[in-house]
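Here is how the chains run, residue by residue.
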Amino acid sequence: MYGTLGLSHRALDDLADAAGKEAIAELRSLARPIEGLRVLNLSVTGFGTGTAELLTSSVPLLTDLGLDCHWQVVRASEDVAAATRAMYQGLGGVHVNWTQEMTDAWQRFAAMNAGLLTESFDVVVVHDPQPAAIRTHVAHSDAKWVLHSHLDLSSAQDDVWLQLRSHIERFDAAIFEAPEFARGDLSLPVYIIPPAIDPNSARNMPLPDDVIHTVLQRYGIDTAKPLVCQVSPCDVASGLVGAVDTVVSLRRRIPDLQLAIVLTTEPQDPPGRACYEDLACRCADEPGVFVVSMVRELGNVELNVFQRAASVVLQRGLRKGFGLWVSDALWKSKPVVVGPAPGLLKQVIDGRTGLVAENDEQFEDAISRLIADPALSARLGAAGHDHVADHFLITRYLRDYVQMLDGLMRGA
Amino acid sequence: VLATVPTTPKSIEDYRPVIGEERTEEILALARELRGARMVHVNATAFGGGVAEILATLIPLINDVGLHAEWQVIKGADEFFNITKAMHNSLQGMYHDWTPASREIWLNYNRINAELFDDSFDFVVIHDPQPAAVLSFLDERRGSHRGTWVWRCHIDLTDAQAETWDMLRPHVERYDGAIFTMQQYVKDDLHGPRIFCIPPAIDPLSPKNGDLPPDVVSEILLRYGVDPLRPMITQISRFDPWKDPLGVVDVYRKLKVEFPELQLVMIASMASDDPEGWSWYEKIVRRAGEDYDIHVLSNLNGVGNIEVNAFQRAARVVIQKSTREGFGLVVSEALWKGRPVVAGNVGGIPLQIDDGKTGFLVSTSDECAEQVGWLLGHPAEASAMGARGVEHVRDKFLTTRYLRDYLSIFRDLRRRDGQPSPHPAQQVPR
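This report concerns the structure included in the present document.

Each value, and the rule that gives it
- Residues numbered from 1 in each chain as written.
- Chains lettered and ligands numbered in written order.
- Predicted model: local features only at pLDDT ≥ 70, side-chain atom pairs only at ≥ 80, totals over all residues.
- Heavy atoms only, no water.
- Helix = DSSP H or I, 4+ residues; strand = E, 2+ residues; numbered from the N terminus.
- Rg over C-alpha atoms; globule rule 2.2 N^0.38 Å.
- Contact = heavy atoms within 4.5 Å.
- Areas by Shrake-Rupley, 256 points an atom, 1.4 Å probe, with all protein chains shown as cover.
- Lys, Arg positive; Asp, Glu negative; His and termini not counted.
- Charge placed at Lys NZ, Arg CZ, Asp CG, Glu CD.
- Buried area = accessible area lost by both parts, 1.4 Å probe.
- Salt bridge = Lys/Arg side-chain N within 4 Å of Asp/Glu carboxyl O.
- Polar contact = N/O pair within 3.5 Å; in protein donor to acceptor, adjacent residues only side chain to side chain.
- Nonpolar A, V, L, I, M, F, W, Y, C, P; charged D, E, K, R; others polar.
- Pairing = 2+ DSSP bridges.
- Axes fitted to C-alpha atoms, helices over the stretch in contact; angles between N-to-C directions.
- Phe/Tyr/Trp six-rings, centres within 6.5 Å; stacked < 30°, edge-to-face > 60°.
- Buried < 20%, exposed > 50% of the residue type's maximum accessible area, 1.4 Å probe, protein only.
- Right-handed = clockwise from strand over helix to strand, strands pointing away.
- Core = buried A, V, L, I, M, F, W, Y, C linked by side-chain atoms within 4.5 Å.
- Arc of directions from axis to C-beta.
- Parallel < 35°, antiparallel > 145°, perpendicular 65-115°, else oblique.

On to the overall build of chain A. Assigned secondary structure in chain A consists of 16 helices and 13 strands. Over its C-alpha trace chain A gives a radius of gyration of 22 Å, about what one expects of a compact globule, namely 22 Å for 412 residues. Dimensions of chain A, computed from the C-alpha atoms along their principal axes, are close to 70 × 50 × 35 Å. Considering only residue pairs separated by 6 or more positions, chain A has 72% of its internal contacts joining residues 24 or more positions apart. With the model as given, the accessible surface of chain A reaches about 15600 Å², and the carbon-plus-sulfur share is 50%. The distance from the centre of the 35 positive side-chain charges to the centre of the 52 negative ones in chain A is 2 Å.

Turning to the interface of chain B and chain A, a few remarks are in order. Each side of the interface is counted separately: chain B has 51 residues, and chain A has 52 residues. Carbon and sulfur atoms supply 59% of the area that chain B and chain A bury against each other, a total of about 4300 Å² over both sides. Contact with chain A buries surface across chain B, with B:Pro6, B:Phe47 and B:Arg223 losing the most and accounting together for 17% of the total. Between B:Glu282 and A:Arg75 there is a salt bridge, with its nearest N and O atoms 2.8 Å apart. Inspection of the chain B/chain A interface yields 17 residue pairs in polar contact (both at pLDDT 80 or more). Within the residue set of the side of chain B that touches chain A, elements represented by two or more residues are strand E1 (3-4), helix H3 (49-64), helix H4 (78-91), helix H8 (214-223), helix H10 (275-288), strand E10 (294-298) and helix H11 (305-314) of chain B. Element by element, the count of residues in the side of chain B that touches chain A is highest for H10(B), at six residues. A per-class count over the side of chain B that touches chain A returns 26 nonpolar, 15 polar and ten charged.

Our next topic: the sheet that holds strand E9 (residues 263-268) of chain B. Residues and elements named next belong to chain B. Strand order across the open sheet formed by six strands is E10-E9-E8-E11-E12-E13, with parallel pairing between neighbours. If you trace the sheet from one side to the other, it starts and ends with E10 and strand E13 (359-362), each paired once. Across the sheet, the mean angle separating the axes of adjacent strands is 20° when strand polarity is ignored. Two strands pair when backbone bridges link them, and strand E8 (residues 232-237) and strand E11 (residues 317-320) are joined in this way by two bridges, in the parallel orientation. Looking across to E11, one finds that Ile-233 is bridged to Val-317. Here helix H14 (residues 365-377) sits on the sheet in contact with E8, E11, strand E12 (341-344) and E13, set at roughly 165° to E13.

On to the packing of aromatic side chains, then. The description of two aromatic rings rests on the distance between their centres and on the angle between their planes. If you walk through the whole model with that rule in mind, you get 21 aromatic pairs over all chains. Here B:Trp151 and B:Phe180 contribute two aromatic rings whose centre-to-centre distance is 6.1 Å and whose plane-to-plane angle is 85°, an arrangement assigned as edge-to-face. Residue B:Trp151 is located in strand E5 (residues 148-152), and its partner B:Phe180 is located in strand E6 (residues 177-180); the two are separated by 29 residues in the primary sequence. Note on B:Trp151: relative accessible area 0%, which makes it buried. Aromatic ring contacts, followed pair by pair, group A:Phe47, B:Phe239, B:Trp278 and B:Tyr281 into a single cluster.

All names here are of chain A. Within strand E8 (residues 227-232), six of the six residues are buried, leaving the element largely enclosed by the surrounding structure. Running through helix H9 (residues 240-250), the crossover from E8 to the neighbouring parallel element strand E9 (residues 258-263) is right-handed. Here E8 pairs with strand E11 (residues 312-315) via two bridges, running parallel. Within E11, the residue paired with Val-228 across the bridge is Val-312.

Residue and element names in this part refer to chain A. We note that Asp-128 has phi near 75°; this positive angle belongs to a residue other than glycine. On the basis of relative accessible area, Asp-128 is assigned to the buried category, the value being 9%. Unusually for a residue other than glycine, Ser-333 sits at a positive phi of about 60°. Inspection of the secondary structure puts Ser-333 in the loop between helix H12 (325-331) and strand E12 (336-338).

Residues and elements named next belong to chain A. Read across the sheet, seven strands follow the order E1-E3-E2-E4-E5-E6-E7 without closing on themselves; strand pairing throughout is mixed. In this open sheet, the two edge strands, each paired with only one partner strand, are strand E1 (3-4) and strand E7 (190-192). Where strand E6 (residues 173-176) and E7 come together, three bridges link them in parallel fashion. By the bridge assignment, Phe-176 is partnered in E7 with Ile-192. Sheet strands touched by helix H3 (residues 50-64): strand E2 (38-43), strand E3 (68-73) and strand E4 (123-127). Its angle to E3, the strand with the most contacts, is close to 155°.

Once that is clear, we can look at the nonpolar core. Within the largest apolar cluster, 194 residues are counted, with the highest numbers of intra-cluster contacts made by A:Leu263, A:Val337 and B:Trp151. With eight residues, H3(B) is the single largest residue contributor to this core. Those residues within four positions of A:Leu263 in sequence are excluded, and the remaining contacts are A:Ser232, A:Cys234, A:Leu240, A:Tyr276, A:Leu279, A:Val291, A:Val292, A:Ser293, A:Val295, A:Leu298 and B:Phe47. Formed by 70 residues, the second largest nonpolar core is a distinct cluster that contains A:Leu37, A:Ala173, B:Leu255 and B:Tyr281.

Let's shift gears to H8(B). Listing the buried residues of H8(B) in full gives B:Val216, B:Val217, B:Ile220 and B:Leu221. Looking straight down H8(B), one finds its buried side chains confined to an arc of 140°; they lie on one side. On its buried face, H8(B) sits against helix H8 (209-218) and helix H11 (300-309) of chain A together with E8 and H11 of chain B. Of the residues flanking the end of H8(B), it is B:Gly225, one or two places downstream, whose phi is positive at about 80°.

Here we take up the packing of H14(B) against helix H15 (residues 379-396) of chain B. What describes two packed helices is the angle between their axes and the distance between those same axes. Residue and element names in this part refer to chain B. Their axes nearest at 5 Å, the elements H14 and H15 cross at an angle of 105°. Relative to H15, H14 is oriented roughly perpendicular. Between H14, through Trp-374, Leu-375, Leu-376 and Gly-377, and H15, the contact on the second element is made entirely by Pro-379, Glu-381, Ala-382 and Met-385. Of the residues assigned to the contact of H14 with H15, the class counts are six nonpolar, one polar and one charged.

Residue and element names in this part refer to chain B. With respect to the element layout, Phe-311 can be found in helix H11. Of the residues examined, Phe-311 reaches a relative accessible area of 0% and is grouped as buried. For the pair formed by Phe-311 and Ile-267, sequence separation is 44 residues and the distance between their alpha carbons is 9.2 Å. Ignoring sequence-local partners within four residues, the contact set of Phe-311 consists of Leu-221, Tyr-224, Val-226, Met-232, Thr-234, Val-265, Ile-267 and Leu-297.

Moving on to the pattern of salt bridges. All names here are of chain A. Taken as a whole, this structure holds 55 salt bridges over all chains when the rule is applied. Across the pair Arg-165 and Asp-185 runs a salt bridge, and its minimum N-O distance is 3.2 Å. Placement of Arg-165 in helix H7 (residues 158-168) and of Asp-185 in the loop between E6 and E7 is noted, with a sequence separation of 20 residues between them. Taking relative accessible area as the criterion, Asp-185 reaches 25% and is therefore assigned partly exposed. Glu-364 is the partner of Arg-253 in a salt bridge, and the nearest nitrogen-oxygen pair spans 3.3 Å.

Here is the structure:
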């Protein structure tokens, strides 16, 4: 048996306020043909990743739509976990030394997990490529198999990718989050399903001003002064030092400008630790620059507070993927300024739903324009909210999923 | 130099309304005696965990009362941190197979950090075992060191592996002072430093403990699928056998017969690389079965400071069913919110709970169920207990008391002339 997760019930109707009654009704009618469909979602972990977050929201909602939807987590021992972590990094374009021992451990992991598949399902969705070889080891399966990659595989390390590809080819379909993240060298049907935010999560719930005010005060932030906020992982690509440079330099024009950097990951490796040290050194003796690094204790409501409190939400850069917290900010009608990473550009259309900047000068200009021009900020924020409502809400994700499953069952 | 951890500013004046005039003035008077003193705290990580949480509050407050305080983190690579993790576990009683090579790695990184260390502070507080040998290397290199050095041990050393403690002890014995969390954690064979005890404390103004409007509390519960209109009990802890999470589910089950509306919220604080926590999570989920009034949540799913605050405030009774515990500071967090707490009679819990007055101390699941049931059935008495708990925490377990303890230790240890310490040059113990 795979690992089980304890999920709270969710009612689709609770999303009517955010997504509209029509969207809910449409979803229900689209789901009717696949009512009772037995779907197993298999993932590498149940916690702490964007994949896990999407499943936490979507699985109970698909259940409410009448599917017999399950989410289980593959089993891994310590040596195997090391191999899947290395594979994850290699797939993301970080060079790893992929060894024969890793291949052996990874194959053992797949074979062992294949043996754990004892129940019968109509569809098995494997989330992320690391467990893909399980499919190969399942001798007889009447189920349709779908690989849902939440990773950007475009720059995957060759030997790691080739290892995987033949296994992925045995699937009935693959899902990528964006065309840019997919591989050209796959011959199976590919669906594009971008990720989505849950408007009802604690990260997006409305919060009274006094709560926002109090929490910021507890971090020493002055709510009367303008605040730039960047929420992001602690890695070099996030441009954390650049964010400090931008804000410090902008103080010539906006003397009381503050910056809050809210870190969402703990550095686990030498480059990550170096990134943190660089940031810490850059912030030394910079009053008005706040680094919040209580990663383990910082929850959805606090992230919500920081985004709501921001005059401008900044994302200087992004290593990979979507950076979906930008959509969380847009949903709150915040003006955002982002670097030109592919995932960010889906959410921020320059001049319409936010501003895109490519160098120090442009970042400074964009932020000062937004702070000087509340009408522009409000217009971009409102358009950003609408953009997220149309493209990045969980209801849209569910619709894509239901349509994908329906198509799959019809053999389309 | 070592990297300085950025902290966010805090003001002692914000605490005056919470702790009152007398306690505030006592702190300010102590601080005046130490005005201008320069102090550095050194530990292994700026991220997460109890030590980082404490320093994030303590450092800005020390600065605010007129001293200069910094928080620095040591440098190290994976080989070092793997060893210090094993060292930490072994000091808590897990066996570690030391090799000459692994000892050498630990010493080597301490040497490197000693070389990077800015030895100009009046007070140096070294936290936990990772950087404990920095002082030895300063002495070896320079024949002396500046300032007053204190080793702050946050670990319960009662069951420490002898070999590991013997390796650490000679380094610690060079310090002027050593601070432990509780008297029973102090090793008998530690000679040299003056021994102090500072129990941990909570920050009443932090997002985890500060006031939250009731409507926001209810709204947060709803977002996690919990009904704010029905009674709820909660346990917030790591998922491991010593917190008896399965026993908590059993207690809830037993009470569910009498209180069919009852809900249980279990909140785990887990590390992403904690296989044991994950396996206990699964056991709890299985024990919960098809009962959707049991909610199993985790920090890894975004349940953070404010969520914990809300769940503690909303709970009718907070449980901490530990069978083995360090200090169990989560008990004070709950008491501070005016909730009665039913908790295991172990570790630092009896210091926080006055049995029958601010909660109940229990040793078995049956006792636990009985006391929680009684509190559920007697809301007026439960509120009275909660109110007494608030005063107990105000007196003993707030971060301002922690600050005061530190200041008074520094005052006691300060050498009048500020001259380099008289430690003769010696070789580093190996």
